[in-house]
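Listed below are the residues making up each chain.
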Amino acid sequence: KDLALAIPWILYVRCWTQQRAGRPGDRIPALDEAEAALTKAQMQWGVVWCQAVRAEVALERGDPNAARELAETALALSKSPFAGWLRDRALLVHARVLRRLGELERGEDDAHRSLTVAQAGGHRPAVAESLELLAGLAAQQESPLEAARLFGAADVLREQLGYPRPPVEQPAHAADMELVTA
């Protein structure tokens, strides 16, 4: 029984590593296998995570409508008490999708909720990611000083945690930084 529970965890870690280390839009080979194992093991948090990852990949591949559908599924599933700490991830991904679709106010609302949930849960890497998303939204809404302050706070937190920005997030971050310095 312990091994049966360990396999979904191992697949989750493998998928997370593949997703974070890849380039935007890269296929994640272990995702289908992980989602099937997590579903079978009734690990609701894992299903939320898989849907959020699928939404991010769809967004990176330039399909914001598919990304929206997947992000909304992750968000709906994350309301379950069994989703636990992945509520912040579902909110964060949904906010990224809304931003890409030009729904900046709704995206900002979800980004703030993601930050609140991440802080309350002590999920500091998600706090850094939420701060960066809020910074990007501020830059996009022509508030460069607020954006710079939020980016600075996120950078300090990443440094403290030893949590570097993954390669998959570099292009979006660079584009946001261009908005701040323009």
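Residues numbered from 1 in each chain as written. Predicted model: local features only at pLDDT ≥ 70, side-chain atom pairs only at ≥ 80, totals over all residues. Heavy atoms only, no water.

A word on unusual backbone geometry. The phi dihedral of E142 falls on the positive side, at around 60°, and the residue is not glycine. Within the element layout of this structure, E142 appears in the loop between α7 (124–140) and α8 (144–161). Accessibility expressed as a relative area gives 70% for E142, which makes it exposed. (Helix = DSSP H or I, 4+ residues; strand = E, 2+ residues; numbered from the N terminus. Buried < 20%, exposed > 50% of the residue type's maximum accessible area, 1.4 Å probe, protein only.)

Remark: helix α3 (residues 44–60) packs on helix α4 (residues 64–77), axes separated minimally by 8 Å, with the N-to-C direction vectors making an angle of 165°. Here α3 is positioned roughly antiparallel relative to α4, judged by the angle of their axes. The handedness of the crossing between α3 and α4 is left-handed. Side by side, α3 and α4 meet where Q44, V47, V48, Q51, A52, R54, A55, A58 and L59 of the first sit next to P64, A66, A67, L70, A71, T73, A74 and L77 of the second. Its residues assigned to classes, the contact of α3 with α4 comprises 13 nonpolar, 3 polar and 1 charged. (Axes fitted to C-alpha atoms, helices over the stretch in contact; angles between N-to-C directions. Parallel < 35°, antiparallel > 145°, perpendicular 65-115°, else oblique. Left-handed = near helix turned anticlockwise from the far one by under 90°. Contact = heavy atoms within 4.5 Å. Nonpolar A, V, L, I, M, F, W, Y, C, P; charged D, E, K, R; others polar.)

Turning our attention to the side chain of S114. The residue S114 is located in helix α6 (residues 104–121) in this model. For S114, the residues in contact, after removing those within four places along its chain, are D88, L91, L92 and S130.

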